[in-house]
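Commentary on secondary and tertiary structure
Below are the chains, spelled out letter by letter.
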Amino acid sequence: MNDHDDVLGWAGEEAARFRAGLTDRPVQPPIDIEAARAALGTLEREGVTALDAVRQLAGVVSPAATATAGPRYFGFVVGGALDSASAADVLTTAWDQPAYNALSSPIAALVEDIVGGWLKDLLHIPASASFGLVTGGQGGNNVGLAAARHRVLANVGWNVERDGLFGAPPIRVVAGAERHATVDRGLRMLGVGDGAIESVAADANGAIEVGDLERVLSNGRDGPIIVCLQAGNVNTGAFDPLRAAIEVSHRFGAWVHVDGAFGLWAATNPRTASLVDGIELADSWSTDGHKWLNVPYDSGFVFCADPDAHAASMAYTAAYLGQPSDLRSPGDFVPESSRRARGFAAYAALRELGRDGVADLVERCCHLARRFASGLAGLDGVEVANEVVLNQVLVRFGDDDAVTDRVVAEAQRDGTCWMGGTTWRGHRYMRLSVSNWQTTEADIDRSILAIARIAAATKEP
Ligand SMILES: *Cc1c(COP(=O)(O)O)cnc(C)c1O
């Protein structure tokens, strides 16, 4: 088949058409699942041309896709991908590099190396830290916790990579009550178990109380301890007081892992950097590229202040010790062997934005989140529940959880914007996250108007 000019060219045009149409269509179009299933057809004995295959797929998916890349998607913490990063990701697909090591793709290894250095600089992570390009925040937490597991057990003479966890000295894990669920899943996958977690009390906005951290740490055994801190709570945006918490944890000999899936980006702007004060003192860090850096899925970054522990927990050869070439071997710092060359899209995003652009993206989103919060708080019977320290806003429509759920469901159907619902401290809330480069004040104001209209209609009996 010789139609790759046609099919790749067509895909590029379709991608551009799709993205140009995102601003003015329903953010989550209604979709008839059965009609879509029928249009996708069944697996035939004979194939079709490459172009026909892709046209059939796009004919169903493009009109049905949720406009997460558009300016009024406020669900979860979903940053819409930048044009540069999206285009680089298209090329990444075309280049099809297995970014395992410097032999499989020297150029992918080089670009990852450059990206890792830039990220450490931007995120206030020590230049000596190792890093890995992973699938996302979950991947970053898994790797950070695996490195932690290696080091805290090696410190008591146990080789966990060789001998596993059966018979190992137990590991204490101390984490905030409002930690992200991916920390628990990471511990389950690592064989530590989420039952090992000793919970630290959090304040009204979800940040841990350092006094309680100290109490929990001193109430248990000495020995292997991992402390998981959070930069940016997924509901409220709250930050654990990192400097004080890390200092206390280190006094107890603990490894400190920071889950900063989106919050770590606060480091890039002087106006928000105080939120992550002390971040450089941690032992491992996880963050997302596909959230606030606005890189397409899947993009996450893990960093480790202890490169030996990092590589010992991931590498299956000792290549990282004596490299066959001068190039860092990407596969030694992540759990995958054959993997997408994730560095290209991240490179393009960082190159397009520059330092100032990243800082500006963070600042703009925080400003727009505050605008959202004050606009909604001005409505009758509407309460903003969190202190808007970053880009997350929690909103409640009266005392009845069912009313809030109905407003969220109606707003999702309405299509002007999209946001999810969440449970926070026993009550239901609308959760808004502003994390997209395209969002403007006009988008926020238009969304406030739509939510106000829906809330007014929903309250009437
Ligand atoms: C989103 C998020 C994660 C998980 O990240 P994924 O990229 O979805 O794997 C972890 N921690 C926090 C605080 C998050 O917001």
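Cut-offs and rules
- Residues numbered from 1 in each chain as written.
- Predicted model: local features only at pLDDT ≥ 70, side-chain atom pairs only at ≥ 80, totals over all residues.
- Heavy atoms only, no water.
- Helix = DSSP H or I, 4+ residues; strand = E, 2+ residues; numbered from the N terminus.
- Rg over C-alpha atoms; globule rule 2.2 N^0.38 Å.
- Buried < 20%, exposed > 50% of the residue type's maximum accessible area, 1.4 Å probe, protein only.
- Contact = heavy atoms within 4.5 Å.
- Areas by Shrake-Rupley, 256 points an atom, 1.4 Å probe, with all protein chains shown as cover.
- Phe/Tyr/Trp six-rings, centres within 6.5 Å; stacked < 30°, edge-to-face > 60°.
- Lys NZ or Arg CZ within 6 Å of the ring centre and 35° of its normal.
- Axes fitted to C-alpha atoms, helices over the stretch in contact; angles between N-to-C directions.
- Parallel < 35°, antiparallel > 145°, perpendicular 65-115°, else oblique.
- Left-handed = near helix turned anticlockwise from the far one by under 90°.
- Nonpolar A, V, L, I, M, F, W, Y, C, P; charged D, E, K, R; others polar.
- Domains from an automatic or database assignment.
- Salt bridge = Lys/Arg side-chain N within 4 Å of Asp/Glu carboxyl O.
- Right-handed = clockwise from strand over helix to strand, strands pointing away.
- Pairing = 2+ DSSP bridges.
- Near = heavy atom within 4 Å.
- Polar contact = N/O pair within 3.5 Å; in protein donor to acceptor, adjacent residues only side chain to side chain.

The next thing to look at is the overall build of the protein. The number of helices and strands found in the protein is 14 helices and 11 strands. A compact globule built from 461 residues would reach a C-alpha radius of gyration of about 23 Å, and the protein, at 23 Å, matches this within 12%. Judged by the C-alpha coordinates and their principal axes, the protein covers about 65 × 60 × 45 Å. For the protein, the residues scored as buried account for 53% of the 461 residues in total. Sequence separation of 24 or more characterises 74% of the internal contacts of the protein that already satisfy a separation of 6 or more. Roughly 19700 Å² of accessible area belongs to the protein as shown, and the carbon and sulfur atoms make up 55% of that amount.

Before going further, it helps to examine the packing of aromatic side chains. Applying the stated rule across the entire model yields 6 aromatic pairs. Judged by centre distance (6.1 Å) and plane angle (25°), the ring pair of tyrosine 100 and tyrosine 316 falls under stacked. Here the residue tyrosine 100 occupies a position in the loop between helix H4 (83–95) and helix H5 (106–122), and tyrosine 316 occupies one in the loop between helix H11 (307–314) and helix H12 (343–377), the gap between them amounting to 216 residues. Taken together, Tyr73, Phe76 and Trp418 form an aromatic cluster joined through their ring pairs. Sitting over the ring of phenylalanine 131, arginine 328 keeps its end group 3.7 Å from the ring centre. Geometry around tyrosine 429 places arginine 396 over its ring, the cationic atom sitting 5.7 Å from the centre.

Here we take up the packing of helix H6 (residues 137–154) against helix H8 (residues 181–189). Contact pair H6 / H8: the axes reach a minimum separation of 9 Å and the direction vectors enclose 50°. Between H6 and H8, the crossing angle belongs to the class labelled oblique. The interaxial crossing formed by H6 with H8 has right-handed handedness. Of the residues in H8, those touching H6 at Gln138, Asn141, Asn142 and Leu145 are Thr182, Val183, Arg185, Gly186, Leu187 and Met189. Partitioned by chemical class, the residues of the contact of H6 with H8 number 4 nonpolar, 5 polar and 1 charged.

Turning our attention to the domain arrangement of the protein. The domains assigned to the protein are domain 1 (3–67) and domain 2 (88–348). Once you take the C-alpha centre of each, domain 1 and domain 2 turn out to be 36 Å apart.

In most cases, non-glycine residues show a negative phi, while peptide bonds are predominantly trans. The peptide bond linking tyrosine 297 to aspartate 298 adopts the cis configuration, its omega dihedral lying at -10°. Looking at where aspartate 298 falls in the secondary structure, it is placed in the loop between strand S6 (284–288) and strand S7 (300–304). Of note, the phi angle at arginine 425 is positive, near 50°, even though the residue is not glycine. Secondary-structure assignment places arginine 425 in the loop between strand S10 (420–424) and strand S11 (427–433). Arginine 425 gets classed as partly exposed once you look at its relative accessible area, which sits at 40%.

The next subject is the packing of H6 against H11. It is the contact of H6 with H11, at a shortest axis distance of 8 Å, that shows an interaxial angle of 105°. Judged by the inter-axis angle, H6 sits roughly perpendicular to H11. Facing H6, whose interface residues are Val143, Ala146, Ala147, His150 and Arg151, H11 presents Asp308, Ala309, His310, Ala312, Ser313 and Met314. Partitioning the contact of H6 with H11 into residue classes produces 6 nonpolar, 3 polar and 2 charged.

Here the focus is the pattern of salt bridges. Considering all chains together, one arrives at 31 salt bridges under this definition. For aspartate 277, the salt bridge goes to arginine 243, with nearest N and O atoms at 2.9 Å. Here arginine 243 lies in helix H10 (residues 242–251) and aspartate 277 lies in the loop between strand S5 (255–259) and S6, a separation of 34 residues in the sequence. Owing to a relative accessible area of 30%, arginine 243 belongs among the partly exposed residues under this scheme. Ionic contacts of the salt-bridge type, sharing partners, join the residues Glu112, Asp298, Arg328, Glu336, Arg339 and Arg342 into one network.

Our next topic: the environment of cysteine 366. In this fold, cysteine 366 is placed in helix H12. Residue classification places cysteine 366 among the buried positions, given a relative accessible area of 3%. As a C-alpha pair, cysteine 366 and alanine 254 span 112 residues in sequence and 33 Å in three-dimensional space. Apart from residues lying up to four places away in sequence, cysteine 366 is in contact with Thr272, Trp292, Leu390 and Asn391.

The next subject is the pairing of S5. Counting buried residues in S5 gives 5 out of 5 residues, a clear majority hidden from the surface. Burial along S5 is two-sided: the face carrying Trp255, His257 and Asp259 and the face carrying Val256 and Val258 are both buried. For the handedness criterion, the β-α-β arrangement of strand S4 (residues 225–230), H10 and S5 is classed as right-handed. In terms of strand pairing, S5 meets S6 through 3 bridges, oriented parallel. In the strand pairing of S6, aspartate 259 is matched with serine 286.

Every one of the 14 residues lining the ligand counts as a neighbour, but Gln138, Asp259, Asp288, His290 and Lys291 are closest to it. Separating an oxygen atom of the ligand from a backbone N or O atom of glutamine 138 is a distance of 2.7 Å. Take aspartate 259: an N or O atom from its side chain is 2.7 Å from a nitrogen atom of the ligand. By residue class, the composition of the shell around the ligand is 3 nonpolar, 8 polar and 3 charged.

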